[in-house]
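Now for the letters of each chain:
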Amino acid sequence: MMMSNALQQARILYQTPTALVMQTTAGVFDKFADGDLYGEFNVGLHVADEPSGVLVRRAALLDYLNRFGDVYAINWLNQVHGDALVNVGDQVSLMAPSADALMTHQAGRALAIMTADCVPVAIISHDKQAPIACIHAGWQGLVQGVIAKTVSRLRQTHADTQFFAVIGAHISQNCYEITHELADSIIAQIHDSQLTLLNDHKLYASIIKNGSSEGKCSIDLTQLTKLELEKLGLTVFNDVMPCTYQDAQYYSYRAQTHAKKSATGRMAMVVVKLA
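Residues numbered from 1 in each chain as written. Predicted model: local features only at pLDDT ≥ 70, side-chain atom pairs only at ≥ 80, totals over all residues. Heavy atoms only, no water.

A. Representation of the sheet that holds strand E2 (residues 19-23). The mixed open sheet is built from five strands, whose spatial order is E1-E2-E13-E6-E3. In the strand order of this sheet, the two ends are held by strand E1 (11-16) and strand E3 (73-75), each with one partner. Adjacent strand axes in the sheet meet at a mean angle of 15°, parallel and antiparallel pairs treated alike. Across the sheet, helix H2 (residues 51-65) touches E2, E3, strand E6 (109-115) and strand E13 (267-273), and the angle it forms with E3 is around 120°. (Pairing = 2+ DSSP bridges. Helix = DSSP H or I, 4+ residues; strand = E, 2+ residues; numbered from the N terminus. Axes fitted to C-alpha atoms, helices over the stretch in contact; angles between N-to-C directions. Contact = heavy atoms within 4.5 Å.)

B. Structural detail: the sheet that holds strand E10 (residues 177-179). Taking strand neighbours across the sheet as the criterion, the three strands line up as E10-E12-E11 in an open arrangement whose pairing is antiparallel. Sheet topology places E10 and strand E11 (208-210) at the edges, where each strand pairs with a single neighbour. Averaged over neighbouring strand pairs, the angle between their axes works out to 45° when direction is ignored. On top of the sheet, helix H5 (residues 180-192) reaches E10, E11 and strand E12 (216-219); it is set at about 85° to E10, its chief contact. Here helix H6 (residues 200-207) sits on the sheet in contact with E11 and E12, set at roughly 60° to E11.

Here it is as structure tokens:
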């Protein structure tokens, strides 16, 4: 199968002989230009792109993963901005389940999360027998504790394993303005659910700052994700996390909405255990 230029630009976020975390890009793309909705490598079937083209790109991604080891399937989700987790076993489902996190013990079965501003999080370890997970964490999922619930499930079978996180490209604080009312609601829900080690005042100071628009503030999803992982005792492997709004290689729902585009493509974070 001919390899897409966008796949050649895919970012390897973590790689060992037994595990791989990768994030695809949009390839050659201008998210602000008229007429260019999908770039080169949209993998989302739900964004009004031609389905046959999306399936060809997903097949190309599977083919590309096999350069790193034996990978026989990619599992996808119908993402709903919630906290549900799907534990993938031996059976391959033809229908994508509605959830926002995937986990598996199976080697060779890739887990894929689609994003276009939200935070993609892979949970892995150095234990070859332990499960892996991939999480779609927008602010709704972070408020609902999708990371905590996923890590809890991973630890049910491997309580003594030291898991760690890899975070992919997502929107930065300077590009993500919300209302003060929403910010207050987010802080209150996270504090009430005890998802971080901070009290409400310190949490607000840590992740919220005044925005550039009147009546708006900016939220730091990177910091919020790290704080929730810290509460769980997980470190973050990588330091560099590009901003999807600013980096030309990534889709951004917010940027393309600001550009008055009718649709936005999706990248994929893929995590896989290699035999």
